[in-house]
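Given next are the chains, with one letter for each unit.
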Amino acid sequence: MARPSIEGKYRMINAALALAEERGSISLADAAAQLETTRDHLRALLDSVLFLEFRTRRGELVHATRAFLLTEDDHLLVDERHWLRDLVSRPPDADTALRLLVAGTVVQSLVVGANPQLDTAVHKLEQVVAADVVVGVDDPPCRDVVEQARRDGRSVRFRYVNDKGEARDREVEPWFVFSNWGRWYVHGRDLDDDAVKWFRIDRMASADVGDHRFEPPEHAEVPEWFDLHDHEVTVTLRLAATALDGLPTPHRLGAITHLADGRVDVDVTVYGRQRLAHLLVVLPPDAEVVGPEECRALRREHAAALLAGYDG
Amino acid sequence: MADDATERILRLAAYLADRGRTSVTLGTISADVPGYGGDDDPPRDERGELVVDTREWETIRKRLQRDLKVLDDTLGIEVETTDDGYRLRPPFFTPDERRALIAAAAAVDVEGVDDEPVLGELGTAVDASTRRIVLAVPERVRELSAAIRERAPVTFTYHGRARTVDAYALGRWRTHWYVVGREHDADAIRKYRLDRIETASGALDVTVGEPGSYTVPASFDATEQLRLDPNDWGQDPPVAARIEVSPDHVHNFQYELGGRVRDRADTHVVVEVEVRHYESFRERVLRFGEHARVVGPPELVTLVRDHLHAVVEATR
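Residues numbered from 1 in each chain as written. Chains lettered and ligands numbered in written order. Predicted model: local features only at pLDDT ≥ 70, side-chain atom pairs only at ≥ 80, totals over all residues.

### Focus: the overall build of chain A
Along chain A, the regular secondary structure elements total 9 helices and 15 strands. The C-alpha radius of gyration computed for chain A amounts to 28 Å, which surpasses the reference 20 Å derived for 312 residues by more than 25%, pointing to a less compact arrangement than a globule. Each principal axis of the C-alpha distribution contributes one length, and for chain A these read about 95 × 60 × 45 Å. The buried share of chain A, taken over its 312 residues, is 34%. Sequence-distant contacts, at least 24 apart, represent 54% of the contacts inside chain A between residues at least 6 apart. (Helix = DSSP H or I, 4+ residues; strand = E, 2+ residues; numbered from the N terminus. Rg over C-alpha atoms; globule rule 2.2 N^0.38 Å. Buried ≥ 20, exposed ≤ 12 C-beta atoms within 10 Å, placed from the backbone. Contact = placed C-beta atoms within 7 Å.)

Okay, structure coming up:
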């Protein structure tokens, strides 16, 4: 086996200490697995950091022994300060800076109250990225109640308006709260029918913490996607190119064909009949539904039904 | 045990950290830090400094330079040379700032940027399973942020026409990312949705021009420009719209459009919203279908009614 270079050893030390700092602690075995090395090799490398202490010629003691600790059960942790990282003067590279800037800005948009350390860190990252990046995450009013219920291990009661516009009272065990695709969701068991479901938090009204107590499952992760394939509906439209920006979201566009008269033909996919009806009725009147035929009928019927509310 | 070089470099870092912003000479380092030849008793002058241009001086100097490069390359710890010797550069982040960023990285999964980071870079070692916020960043954000950093104009096709833009800022509203900047042809600030930048064969079609070609005006306010809710930036004369909303939908309605409840009845709630962009208001109200109906002022009622009439007529 080739001997690792001094740079390689330092990168490994750096990564192991980063794991200890960023996770609070990590077992030597887990750290070694992450770094694709052996526990003994990592332990040997870390000796220099764990037992750093020496005297200068004048007898001054230089040490950083309180910085990192390897516990009796072989867990590496940052005991006091990650003094090596405290010394880092080089700014993060552009990609790292952009990643941290986006994460920091999102947290800024959600956190109520001052966080001056994050503010100054984000400001420094802005200098590295040298581009203003404005990012926020919507924060629906019921999120706090749902989070509170989850923390307390108690159900949450709320009135919920589903995709079809139907409202119903529900009580749910909030196992996991997350944000993806620009929306906040709660995943948990619906006490009414004992089924595990997802709910959009922005569609909740009048949420409060319930009396039912629960233990959430141990593992929960943000899903990579929801399978909405069964709800997909695609319509082919012919409209002015500038009208594309006005299409209601969410939707997915297919390939755009530019026509000689300045209009475009495009397939637009939405999820569910309710969204399709809305899309069709808000199109500019001169936009054409090329197909399918039932979409033309739906557009006419939905517009007429809404118009009745104004003419009646 | 770790080898001598590993220990020596860590000792050097600890020693320089101990000295703070005070510069130390090569002679002092070699005398104080084990591993730099202090025990070999290299030739020194009356002040205790190493005698320059000797074989020992050259060996120690080269070793120190090599070690300083390792510190810089692998840990990002830079040492600057002053008239009085060597000292650490000030840290980029304070420990508290670093902790705040680690907490942010532990909460937010930024997808699409730095997807295969080197473990050890800030925020890469967090426990990803704790992340509860996922934010997808399209490749074009990276591409355009690099162009902005270089102040290089970008050219892309949008709505079937090539645009050259001095990009000033990037931002996200709802689920979409936008770039804002000065379009050359119009000589005016324009916003473009990144997913509307047209592609050929799936390739990214953004051409980056000459770096250093423009400056971002001091008066440019990215936050202001990226307030993308049409009701924020709309230029229509502000009017107070009144909408009757089904009671079950009031909460969602206010979340989407804002406004205040002005009246409550058994069958509906009247919400008042100040409107600055009539067309987007119409689109957003119609999203609620039969659960929301504009009842005033007359010009907005007419706006919605005329649109629906026109759609019905066009589809006969």
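### Quick word on the interface of chain B and chain A
Each partner contributes to the interface: chain B provides 104 residues, whereas chain A provides 101 residues. In the sheet, strand 6 (residues 132-134) of chain A pairs with strand 6 (residues 161-173) of chain B via 3 bridges, with the strands oriented parallel. Of the residues in strand 6 of chain B, the one forming a bridge with Val-134 of chain A is Gly-171 of chain B. (Pairing = 2+ DSSP bridges.)

### A word on the confidence of the model for chain B
Of the residues in chain B, 97% reach a pLDDT of 70 or more, and the chain-wide mean stands at 89. Interface confidence for the predicted complex, given as ipTM, is 0.85, next to a pTM of 0.84. (pLDDT = per-residue confidence, 0-100.)

### Considering the packing of helix 9 (residues 293-311) of chain A against helix 10 (residues 298-314) of chain B
Helices that pack against each other are described as a pair by the angle of their axes relative to one another and the distance between those axes. One way to put it is that helix 9 of chain A packs onto helix 10 of chain B with a least axis distance of 9 Å and a crossing angle of 145°. Read as a crossing pair, helix 9 of chain A and helix 10 of chain B show a hand that is left-handed. From helix 9 of chain A, Arg-299, Arg-300, Ala-303, Ala-304, Leu-306, Leu-307 and Tyr-310 of chain A reach across to helix 10 of chain B, where they touch Val-301, Val-304, Arg-305, Leu-308, His-309, Val-311 and Val-312 of chain B. Along the lines of polarity and charge, the residues of the contact of helix 9 of chain A with helix 10 of chain B split into 10 nonpolar, 1 polar and 3 charged. (Axes fitted to C-alpha atoms, helices over the stretch in contact; angles between N-to-C directions. Left-handed = near helix turned anticlockwise from the far one by under 90°. Nonpolar A, V, L, I, M, F, W, Y, C, P; charged D, E, K, R; others polar.)

### Observations concerning the sheet that holds strand 13 (residues 252-258) of chain A
Residues and elements named next belong to chain A. On the basis of which strands lie adjacent, the open sheet formed by 4 strands has the order 13-14-12-15 and antiparallel pairing. Strands with a single pairing partner mark the edges of an open sheet, and in this sheet they are strand 13 and strand 15 (288-291). Taken over all neighbouring pairs, the strand axes of this sheet differ in orientation by 30° on average, direction set aside. Here 3 bridges tie strand 12 (residues 232-240) to strand 15, and the two strands are oriented antiparallel to one another. Each residue of the ladder has a partner; that of Arg-238, found in strand 15, is Glu-288. Sitting on the sheet, helix 8 (residues 273-282) is in contact with strand 12, strand 14 (263-271) and strand 15, with an inclination near 150° to strand 14.

### Some details on the sheet that holds strand 4 (residues 68-70) of chain A
All names here are of chain A. Strand order in the open sheet formed by 3 strands is 1-5-4, and the pairing between neighbours is antiparallel. Of all strands in the sheet, those with a lone pairing partner are strand 1 (25-27) and strand 4, marking the two edges. Averaged over all neighbouring strand pairs, the angle between strand axes comes to 20°, with direction disregarded. The pairing of strand 4 with strand 5 (residues 75-78) spans 3 bridges and is classified as antiparallel. Considered in strand 5, the bridge of Leu-70 is made with Leu-76.

### Looking at helix 5 (residues 139-150) of chain B
All names here are of chain B. The first and last C-alpha atoms of helix 5 sit 17 Å apart over 12 residues, in line with the 16 Å expected at 1.5 Å per residue. What helix 5 keeps buried is the set Arg-140, Val-141, Leu-144, Ser-145, Ala-147 and Ile-148. Seen along its axis, helix 5 keeps its buried residues to an arc of 160°; they face one direction. Following helix 5 by one or two positions, Arg-151 has its phi on the positive side, about 55°. (Expected span 1.5 Å × (residues − 1). Arc of directions from axis to C-beta.)

### Digging into the pairing of strand 12 of chain A
Direction of pairing for strand 12 of chain A relative to strand 14 of chain A: antiparallel, over a ladder of 9 bridges. When the bridges of strand 14 of chain A are listed, Leu-239 of chain A appears paired with Val-264 of chain A.

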